[in-house]
Amino acid sequence: MSERPGPPHFADSRAILIGTGTYRDTGLSRLPAALNSLRALGRTLTDPKLCGWPEDRVTVIEDAADMPALVQTLRLLARDTRGVLLLYYVGHGLVRPRGQLCLTLAHTSPEHADVTGLDFEKIREAFLDSPAKVKAVVLDCCFAGRAIEALAGEAAQAAATDILGTYILTASDRTAHVVPLAEQADRTTSFTGTLVDLVRSGLPEGPEWLTLDALYPYLRDELIRRGLPVPNRQGTDTAGRFAFTRNPAHRPAPALASRLARALAVALAECAEAGPADTGQLAEATGHSPEQVEAYLAGRTIAPSTFLDGFAAHLSRLGRPPAPSRLRELHDLRAAELRDSPDPADQVVYLREVTEELRRAIDALTAERDEADRVRADEQERARLEAERLAEQLAAEQERSRRLQAESAEKGRQLTAAAGLNRALEAELAHVREQAELITRELLVLRRQVEHLLDPPDSPGPADAVPAVVTAAVTTAASAGGARAVTDRIPSPPAGTPPPRRTAPPAPRRPRRHGSRFDWRNVLSPARVVAQVLLVLTGLATVALGFSWYVDAYDDTVAYRSAPVCGAPATAPGTGCTTQETGRVTGKKTDQSSDSTSYDVTVSREAAPTATYSVTEELYDSVENGTNVDLTLWKGRVVQVSHQGHRSAVVSALWLTSLKLALLVGLGTVVSVHGLLGRRLESWVIPLAVLPFLVFLTFIGSVILLGAQWPFAVTLAIPVIAWLVLTAIATVMSWEG
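Residues numbered from 1 in each chain as written. Predicted model: local features only at pLDDT ≥ 70, side-chain atom pairs only at ≥ 80, totals over all residues. Heavy atoms only, no water.

## A short note on the overall build of the protein chain
Counting secondary structure elements, the protein chain contains 21 helices and 17 strands. By residue count, 37% of the 737 residues in the protein chain fall in the buried class. Counted over contacts in the protein chain with a minimum sequence separation of 6, partners at least 24 positions apart contribute 72%. If you sum the accessible surface of the protein chain, you get close to 42900 Å²; carbon and sulfur atoms cover 57% of it. (Helix = DSSP H or I, 4+ residues; strand = E, 2+ residues; numbered from the N terminus. Buried < 20%, exposed > 50% of the residue type's maximum accessible area, 1.4 Å probe, protein only. Contact = heavy atoms within 4.5 Å. Areas by Shrake-Rupley, 256 points an atom, 1.4 Å probe, with all protein chains shown as cover.)

## Considerations on the packing of aromatic side chains
If you walk through the whole model with that rule in mind, you get three aromatic pairs. An angle of 40 degrees between the planes, with centres 4.4 Å apart, marks the rings of Phe10 and Trp53 as tilted. One end of the pair, Phe10, is in the segment before strand 1 (14-19); the other, Trp53, is in the loop between helix 1 (32-46) and strand 2 (58-62), and 43 residues separate them in sequence. Both residues of the pair, Phe10 and Trp53, count as buried. Seen in terms of ring centroids, Tyr599 and Tyr620 are 5.2 Å apart; in terms of plane orientation they differ by 50 degrees. Their pairing is tilted. Of the two residues, Tyr599 sits in strand 13 (residues 597-604) while Tyr620 sits in helix 18 (residues 617-622), which places them 21 residues apart along the sequence. A residue is classified by how much of its surface remains accessible, and Tyr620, at 11% relative accessible area, is buried. A cation sits over an aromatic face here: Lys588 above Tyr620, 4.3 Å from the ring centre. (Phe/Tyr/Trp six-rings, centres within 6.5 Å; stacked < 30°, edge-to-face > 60°. Lys NZ or Arg CZ within 6 Å of the ring centre and 35° of its normal.)

## Observations regarding the state of the cysteines
Linking two cysteines covalently through their sulfur atoms gives a disulfide. Applying the stated rule across the entire model yields one disulfide. The disulfide partner of Cys566 is Cys577, and the gap between their sulfur atoms is 2.0 Å. Taking the sign of the S-S torsion, 90 degrees for the link of Cys566 and Cys577, the bridge is right-handed. Highlighted residues: Cys566 in the loop between helix 17 (521-557) and strand 12 (578-592) and Cys577 in the loop between helix 17 and strand 12, separated in sequence by 11 residues. Judged by relative accessible area, Cys566 falls into the partly exposed class, the value being 33%. Of the residues examined, Cys577 reaches a relative accessible area of 22% and is grouped as partly exposed. Of all cysteine sulfurs, the one in Cys142 lies closest to Cys141, which takes part in no disulfide; the gap is 6.9 Å. (Disulfide = S-S within 2.5 Å.)

## Topic: the confidence of the model for the protein chain
Chain-level pLDDT for the protein chain is 77 on average; 78% of the residues reach the 70-or-more range. Across residues 153-163 the pLDDT falls below 50, and counting only partners more than four positions away or on other chains, this stretch makes 11 contacts in the model. (pLDDT = per-residue confidence, 0-100.)

## Here we look at the sheet that holds strand 17 (residues 646-649)
Pairing in this open sheet of six strands is antiparallel, and the strands run 14-13-12-15-16-17 from one edge to the other. At either end of the open sheet lies a strand with only one pairing partner, and these are strand 14 (611-615) and strand 17. With strand direction ignored, the average angle separating the axes of adjacent strands in the sheet is 40 degrees. Taken together, the four bridges between strand 16 (residues 637-643) and strand 17 define a ladder with antiparallel strand orientation. Note on strand 17: the bridge partner recorded for Ser642 is Arg647. (Pairing = 2+ DSSP bridges. Axes fitted to C-alpha atoms, helices over the stretch in contact; angles between N-to-C directions.)

## Things to note about the sheet that holds strand 5 (residues 101-103)
Read across the sheet, three strands follow the order 4-5-6 without closing on themselves; strand pairing throughout is antiparallel. Taken across any chain shown, the strands that pair with only one partner, and hence form the sheet edges, are strand 4 (93-95) and strand 6 (118-119). Of the strand pairs in this sheet, strand 5 and strand 6 are connected by two bridges, and their pairing is antiparallel. Considered in strand 6, the bridge of Leu103 is made with Leu118.

## Regarding the packing of helix 13 (residues 324-340) against helix 14 (residues 344-454)
Interaxial distance between helix 13 and helix 14 falls to 7 Å at its minimum, and their mutual angle equals 130 degrees. By the criterion of interaxial angle, the relationship of helix 13 to helix 14 is oblique. Crossing of helix 13 against helix 14: the hand is left-handed. Judged by residue contacts, Arg334, Ala335, Leu338 and Arg339 of helix 13 engage Asp346, Gln347, Val349, Tyr350 and Glu353 from helix 14. For the contact of helix 13 with helix 14, the residue count by class is four nonpolar, one polar and four charged. (Parallel < 35°, antiparallel > 145°, perpendicular 65-115°, else oblique. Left-handed = near helix turned anticlockwise from the far one by under 90°. Nonpolar A, V, L, I, M, F, W, Y, C, P; charged D, E, K, R; others polar.)

## Examining helix 2 (residues 67-79)
The end-to-end C-alpha distance of helix 2 is 19 Å, a good match for the 18 Å that 13 residues give at a rise of 1.5 Å each. Those residues of helix 2 that sit buried are Met67, Leu70, Val71, Leu74, Leu77 and Ala78. One side of helix 2 holds all its buried residues, which, seen down the axis, span an arc of 135 degrees. Within helix 2, the exposed residues directed more than 90 degrees away from the buried face are Pro68 and Gln72. (Expected span 1.5 Å × (residues − 1). Arc of directions from axis to C-beta.)

## Remarks on the environment of Ala607
Checked against the element boundaries, Ala607 lands in the loop between strand 13 and strand 14. Separated by 26 residues in the primary sequence, Ala607 and Glu581 place their C-alpha atoms 9.6 Å from one another.

## Quick look at the side chain of Thr108
With respect to the helices and strands, the residue Thr108 is situated in the loop between strand 5 and helix 3 (113-116). Side-chain polar atoms of Thr108 contact the backbone oxygen of Thr116, separated by 3.0 Å. Setting aside residues up to four positions removed in sequence, Thr108 forms contacts with Asp25, Leu28, Leu94, Thr116 and Gly117. (Polar contact = N/O pair within 3.5 Å; in protein donor to acceptor, adjacent residues only side chain to side chain.)

## Section: helix 13
Every α-helix winds through 3.6 residues per turn, so residues three or four apart in the chain are directed the same way. Its 17 residues place the ends of helix 13 24 Å apart at the C-alpha level, agreeing with the 24 Å of an ideal helix rising 1.5 Å per residue. Of all the positions in helix 13, only Leu330, His331, Leu333, Arg334, Glu337 and Leu338 are classed as buried. Take helix 13 and look down its axis: the buried residues cluster within an arc of 155 degrees, on one side only. Of the residues in helix 13, the exposed ones pointing more than 90 degrees away from the buried face are Pro324, Ser325 and Asp340.

## Looking at the pairing of strand 15 (residues 628-634)
Looking along a regular strand, one sees side chains alternate from face to face of the sheet. Across the seven residues of strand 15, five count as buried, placing the element largely inside the fold. Pairing between strand 12 and strand 15: seven bridges, direction antiparallel. By the bridge assignment, Thr579 is partnered in strand 15 with Leu633. Bridge count for strand 15 against strand 16 is five bridges, and the pairing is antiparallel. Of the residues in strand 16, the one forming a bridge with Leu631 is Val641. Hairpin remark: strand 15 followed by strand 16, antiparallel, with two residues in the connecting loop; positive phi at Lys635, about 60 degrees.

## Thoughts on the packing of helix 12 (residues 305-317) against helix 13
Axis separation between helix 12 and helix 13 bottoms out at 10 Å; the angle between their running directions is 160 degrees. Relative to helix 13, the element helix 12 is oriented roughly antiparallel. By crossing handedness, the relation of helix 12 to helix 13 is classed as right-handed. In contact with Ser305, Leu308, Asp309, Phe311 and Ala312 of helix 12, helix 13 contributes Leu327, Leu330, His331 and Arg334. Of the residues that constitute the contact of helix 12 with helix 13, the class distribution is five nonpolar, two polar and two charged.

## Regarding the nonpolar core
Counting residues in each nonpolar core, the largest one holds 37 residues, and the members touching the most others are Leu45, Trp53 and Phe244. Elements represented by at least two residues in this core include exactly strand 1, helix 1, strand 3 (84-90), strand 7 (134-140), strand 8 (165-170), helix 7 (190-201) and helix 8 (212-225). Non-local contacts of Leu45, meaning those with residues more than four positions away in its chain, are made with Ala15, Leu17, Cys51, Gly52, Trp53, Leu86 and Phe244. Membership of the second largest hydrophobic core comes to 31 residues, among which are Ala64, Leu105, Leu118 and Leu139. (Core = buried A, V, L, I, M, F, W, Y, C linked by side-chain atoms within 4.5 Å.)

Spelled out as structure tokens, the structure:
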């Protein structure tokens, strides 16, 4: 069970207050607020109405310059202290390369902090050698949280013994807060000022004497409420319970017990049969001291809400859990007493609790509204996506309908044309049928006439004379083109002439087909033109591929200079951007060759392996092992290393990309020239002679342009113009050759 905080005894205690506000090194800014904080805390400690320290037990050290003398003083004072050893520091805090906390003095140099500043390890050693029962450290500086790690071993050791142990209270784990220099003349630091104000105002609900553990929650809440850095603490179970200051807001007990106290007494009496329920057990169960529990049960102090919840949990462990309505009644009685209390501090607590309850209700309603908005947004997004899908489907169906309508119209036109052709064919067929019937009738008439001529009843002349005449007439008529002409040309046989004998007409001779001679020159000429066009296109495509690699190489090595930073408001979606990262230098090396010197630094990163980069001499000289440097990443690759205004670009080897570009441009140019000249270029002698020269110039030019890191327009215009000029020269030379 915890020991009750009471009036402290300072006969064998010591408070050491150290503050630094003036610095000789220009790298550390002045801190008048630090000295104001040092004096304010000193007045608070020696105030008999508050902490009550005798002035001879408080050692104040302002703007200490001699570090060895200060360490010697700390060790001597710590060894002579057996009661409470309190150390307070206010000033600049530095972090050494290995993460150690260093407290600055008047002559501290940031570059040599290990020998000119007060390393916290020395304070830790002095605390380990001290026989004090309570060792308390209060640090108001940047990176003060690192001192907690340094004292972790001492806190663990104290927890295993019967001494009170070590307690440490820090202003911030990172950068502490202080007003601007122009406003520090009569101001304290934010952390110390808040702590002093809290000690002077007191805690209305607190006991007569306040501990550091009792002050810390209110100190933390007030700093968070003001938007200041969050403090931190660590200690053993009892180190933070020594009486640090008297509580100015403590009130004497009221004469009569309140309704809340009577309700607590009734609830405690109801569970008396289940087992002992003394105030000691209730104090352990609720986390309050026995004196505070007695004050709550007697009605001298209004119990906090945390005590009521712990009280209900204690009754539940005894087997008599209070009904929810009873617990709600206890909270209502407490709220009514706070509201009706004549003490403004109680009313302030009541208003704070009401405000907090309203804030929680508002937060709950806000969360419900946000959830409803999120659900509505999700539903709207799903509806939008479904509408887009239906719109796309409708557009596809409309396109399909238009395509089907077009196909239907085309088929209708084809059917209409086919119907017109069919009608024309039917009319032509009817005409042909009429002509065929007419020819058939005429042939019948002709046959009868021929038969009459060949077989006359009385032959007036030779029998073969008439057939010969008739055959000649028929042949002549047939060659004239029609049965009607035959009928007109055949003379009428004389009366009584017998019909001629029928003889088969001679078979018509089939006309002889004469084939035309095939001329291959008409085929070779277009094929040659097509081949030349293909050669030209192939060459230009090869050159274009080479220049595309050239553009990609520029984008990988130079384009990051004009790219925006990722996450900036001006960054458009899909735009290439750079990212910033911090690395730590773990090694340095110089490489001396015959004509130059290279400077290499090895940098470790959190999310990537350690790598070595070649940097400029200025950047190399500005960093040391353990120095943090800024890294600029472009497409996942480190392209720039910078530190304190020095920047060095990290350029990859470009000779392989330049060699590919040179080969592609050279081969493409030769093929294009050969395709342009056609028959004029009878061999590949001149193009092959020009090829090495063109490849060499392209290789050297691309290495120089990509390494120069000029703007993209200049870097691309120079090789394109040079290629056009060299291609024209090669074409003229090949044409004349």
